[in-house]
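# Structure assessment
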Amino acid sequence: KEEIQRVVVFNSTTQELKDLLVMVEADEEENTELQAADLRSPLRDSDVEILLASFGKGNRHITSLNLSNNYLTARGAMAVMRFVQNSPQVTALRLNNNGIEGGEGVARGLKMLLLGSETIQHLSLDNNDLGDDDVQALIEGLKPNGSLTSCSVQGNLRVSPSVSHRLDQSLTLNRHPKFKPFIPRLSADDDILRTLEFAGLQLDDLCIEILVEALSTNSTVTAIRLNNNQVQDGGVGLLCNVLDAKHCRLQHLDLSHNGVTVRGVRMLSDVLLRNTSLASLNLMHNRIGDAALKPLQEMLDRNDTLMDLLVDGNPMRNDVILKVYSTSTNTQQKLKQDLRRLQAWDAELTAVDFSGQASSKSAANDLTCKLLAEALSSSHVVTSVNLNYSNVSDLGLGMLTDMLYSNTYIHTLMLDGCCITDAGVKLLAAMLLKNSTLSYISLRHNAITDDGCMALQRALVHNYTVKRLSVDHNPEVSERSFMTLGYSITLNNEPILLKQVIPQVHSNSLTVLDCSRKGVDDTLPFTDSSITLLCSVLAHSRSLTHINLKRNRIGAYGGTCLADVMLSNRTITALDLLGNEVGSGVTAFVDLLRRSSDVQHLDLRENGIEAALMSSVSLLLELNHHPPMVKHMMLQLLDGEKPDKVELTGTANGCTAIGKAQPSASEPWGGSTTTMLTSRSVGLLCDELYVNTSLTSFDFSHNYVGDAGAERVAQLVHAFPNSYVNINLA
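Just so we're clear, the structure is a prediction, and the values are computed from it rather than from any experiment.

## With respect to the overall build of the chain
Helices and strands together make up the secondary structure of the chain, namely 27 helices and 23 strands. For the chain, with 730 residues in total, the buried portion stands at 52%. Restricting to contacts in the chain with at least 6 residues of sequence separation, those with at least 24 account for 81%.

In structure tokens form, the structure reads like this:
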């Protein structure tokens with residue numbers, strides 16, 4: 001029944017419509033456009049509905065519908081728009097010359113078409129009866145729609161020029177998808193947007209018009225980069241409105257590689273007579289001729305803000321370009337104003353910040369540095385100079401270093417992202433040999449190599465004030481240079497005395513190292529970090545025997561480092577740490593004294609050490625003044641051993657245990673001194689043997705025990721009256 005009905009409908013249509021239906025149902029690959037315009041029998045609403053129904057057979061190739069010059073009303077137009085909305089393959093629709101009367105239904109259909117279709121790119125509605133409301137619906141639909149880039153509503157007499165222009169603006173945004181997302185953010189005064197990067201987006205004057213409208217309510221943008229676009233004089237005139245606004249905060253404007261002519265320059269020059277925010281204007285590689293010299297010079301003579309004007313690459317004679325730059329450098333009034341403040345010793349101007357204020361890539365940079373150096377030479381208040389990303393060359397840096405030779409106030413110099421090479425760094429290094437104020441220098445993102453770093457390293461050997469030096473992001477600087485400079489800066493952050501003594505220790509020219517403090521004074525104390533650096537050279541010293549580190553702030557870690565060094569380097573026999581903060585680090589010294597007999601003096605008083613541990617240190621230090629075998633036996637007794645015999649007979653080589661070899665100097669508890677047993681040694685042994693009830697024999701023969709030693713042995717024997725003890729004091 002349905003098939004019979006379809007045939008009846010088909011037979012009732014015109015031959016032209018039959019041909020269209022056959023083409024649609026055939027779905028041939030080469031047929032991509034449904035051409036239903038200028039028919040002998042124009043289509044009506046019912047014909048279009050039949051035609052659209054035929055697409056239900058599965059046509060996949062027709063992407064363009066041309067239904068112009070028919071008799072469609074709002075009903076037929078709505079049907080077409082619903083079809084396109086649900087047909088993702090359709091990208092173009094033409095409904096010109098149909099007499100479609102606009103209204104609420106058509107407006108809603110147009111809006112839904114754009115909201116529902118993500119593929120429609122071209123829409124033509126010329127010479128119908130649409131009104132402003134219908135076109136406004138299109139504009140609303142274009143806000144989320146990103147596909148429609150062409151839409152024509154010409155010949156609709158009820159559409160006003162202003163609404164038609166707003167439609168053109170919306171379509172322009174769709175033709176620039178990278179530009180479109182910024183407009184609502186600018187209109188909302190998004191405080192995150194400070195710099196607008198629109199380089200190379202092919203923006204034209206209509207885009208600039210949209211941008212200017214969005215900026216009319218914005219108070220956060222400070223930089224706009226429009227280089228490599230299609231901005232003409234008309235767009236420049238629109239941007240002048242932004243620069244002329246009272247709330248303008250724009251500081252940097254890049255219009256290089258566009259189509260600006262002398263006319264645009266005249267407009268810019270006029271508005272810059274009043275603008276007080278713009279500091280940088282790039283007009284390179286436009287179509288500006290020699291006639292621009294006069295308006296530019298007049299503007300530069302009166303403008304107090306513009307610091308940087310670039311006009312290279314235009315069809316201007318070289319002498320004209322030089323005159324522009326000459327006027328520009330002579331009229332950098334903001335710089336001059338700051339310089340006058342410097343010369344007047346303005347107490348509020350303690351930091352000079354010209355970061356990002358590149359004059360040009362030629363002599364204007366150096367002139368800025370020259371003027372700045374002259375002003376700073378007489379300033380007694382400026383402590384910081386920031387010239388980051390201002391294209392300072394080696395020559396400009398040389399002018400600044402000449403001033404810094406005698407300046408005693410500036411402690412911060414920042415030169416990141418400039419044009420500095422090894423030649424400029426060597427000038428800076430020579431200045432550091434004389435300057436004693438600079439503490440922070442930043443040279444990142446320049447063209448420095450290992451050669452320049454070596455010059456800085458040699459200067460830092462004699463400079464004690466530079467505490468921070470940044471040379472990272474210089475591709476030609478090796479890891480070794482980074483480490484060498486880092487070591488020098490680390491030394492500069494430690495007490496000056498440490499930096500002075502390290503070369504002497506390294507050269508083995510010292511036997512006594514005195515780094516003590518006489519109390520709380522203005523010298524920096526040694527800390528654990530200082531000791532870490534010192535120990536790196538102490539380990540290799542062959543002349544040093546005595547180290548005095550009284551009244552510093554050496555903690556447990558520093559004490560441990562010193563103990564480890566003394567264990568490996570036995571030429572160091574005396575260490576004075578009175579009045580430090582060693583605390584728990586004493587355990588390292590206990591271990592040192594148990595394993596080494598070379599330490600003859602160790603002062604750990606006033607270090608927050610427990611009394612029991614101090615007693616252990618005193619006892620172990622005392623043992624280092626006795627024969628090695630006495631120390632060995634004492635350590636056994638201290639470790640809880642209970643021998644039944646004590647046999648320490650004297651020999652030509654000193655005191656030794658009977659039946660046992662003399663401990664050698666190479667053993668941890670051995671020593672190089674061979675002495676005989678004395679009454680003092682006997683006393684120490686007897687003090688530990690009082691708790692040993694199994695003792696049966698003493699052999700201290702052939703020593704220097706004497707009467708005092710014999711009395712101590714007798715006292716010990718009396719302590720065990722029930723035991724038989726064999727005593728040999730021959």
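## Focus: the environment of threonine 261
Tracing the chain through its elements places threonine 261 in the loop between strand S8 (252-254) and helix H11 (262-272). Taking the C-alpha atoms as reference, threonine 261 lies 9.4 Å from asparagine 314; in sequence the two are 53 residues apart. In contact with threonine 261, not counting residues within four places along its chain, are Asp233, Arg287 and Ile288.

## A look at the sheet that holds S8
One open sheet holds the five strands; their spatial order is S6-S7-S8-S9-S10, and the pairing between them is parallel. Each edge of the open sheet is held by one strand with a lone partner, namely strand S6 (195-197) and strand S10 (308-310). The average undirected angle you get between the axes of adjacent strands in this sheet is 5°. Two elements, S8 and strand S9 (residues 280-282), share three bridges in a ladder whose sense is parallel. Within S9, the residue paired with leucine 253 across the bridge is leucine 281.

## Concerning the packing of aromatic side chains
Counting across every chain of the model gives two aromatic pairs. For the pair phenylalanine 179 and phenylalanine 198, a centre-to-centre distance of 5.1 Å together with 80° between the ring planes defines the contact as edge-to-face. In this pair, phenylalanine 179 is assigned in the loop between helix H7 (161-175) and helix H8 (182-187) and phenylalanine 198 in the loop between S6 and helix H9 (205-215), connecting sequence segments 19 residues apart. Just as phenylalanine 179 is buried, phenylalanine 198 falls in that class too. Here the aromatic rings of phenylalanine 182 and phenylalanine 198 are separated by 5.2 Å at their centres, their planes lie at 80°, and the arrangement is edge-to-face. Separated by 16 residues along the polypeptide, phenylalanine 182 in helix H8 and phenylalanine 198 in the loop between S6 and H9 bring together distant segments of the chain. The class of phenylalanine 198 is buried, set by a relative accessible area of 0%. Following the ring pairs from residue to residue traces out a cluster consisting of Phe179, Phe182 and Phe198. For arginine 468, the ring lying beneath its charged end belongs to tyrosine 440, and the centroid distance is 4.0 Å. Taking the ring centre of tyrosine 464 as reference, the NZ or CZ of lysine 499 above it sits at 4.7 Å.

## Some points on the nonpolar core
If you look at the biggest cluster of nonpolar residues, it comprises 64 residues, and the most contacted ones within it are Leu513, Leu538, Leu549, Phe589 and Phe700. Every residue in contact with leucine 513, bar those within four places of it in the chain, is listed here: Val501, Val505, Leu534, Leu538, Leu544, His546, Ile547 and Asn548. By size, the runner-up hydrophobic cluster in this structure holds 51 residues, among which are Phe198, Val262, Leu293 and Leu306.

## Here we look at the environment of threonine 545
Along the chain, threonine 545 falls in the loop between helix H21 (528-538) and strand S17 (546-548). Separated by 21 residues in sequence, threonine 545 and methionine 566 have C-alpha atoms that sit 9.9 Å apart. In this structure, threonine 545 is in contact with Thr511, Thr571, Ile572, Thr573 and Ala574, ignoring residues within four places of it in sequence.

## Side note on the environment of threonine 511
Looking at the element boundaries, threonine 511 is found in the loop between helix H20 (496-506) and strand S16 (512-514). The partly exposed category is assigned to threonine 511, whose relative accessible area is 47%. Sequence-wise, threonine 511 and threonine 545 are 34 residues apart; in three dimensions their C-alpha atoms are separated by 5.4 Å. Setting aside chain neighbours within four positions, we find threonine 511 in contact with Ser543, Leu544, Thr545 and His546.

## Observations regarding H20
Where H20 is concerned, the buried positions are Leu498, Lys499, Val501, Ile502 and Val505. Along its buried surface, H20 packs onto helix H18 (450-460), helix H19 (479-492), S16 and H21. Where H20 terminates, the next one or two residues include asparagine 508, which has phi positive at roughly 60°.

The rules we used
Residues numbered from 1 in each chain as written. Predicted model: local features only at pLDDT ≥ 70, side-chain atom pairs only at ≥ 80, totals over all residues. Heavy atoms only, no water. Helix = DSSP H or I, 4+ residues; strand = E, 2+ residues; numbered from the N terminus. Buried < 20%, exposed > 50% of the residue type's maximum accessible area, 1.4 Å probe, protein only. Contact = heavy atoms within 4.5 Å. Pairing = 2+ DSSP bridges. Axes fitted to C-alpha atoms, helices over the stretch in contact; angles between N-to-C directions. Phe/Tyr/Trp six-rings, centres within 6.5 Å; stacked < 30°, edge-to-face > 60°. Lys NZ or Arg CZ within 6 Å of the ring centre and 35° of its normal. Core = buried A, V, L, I, M, F, W, Y, C linked by side-chain atoms within 4.5 Å.

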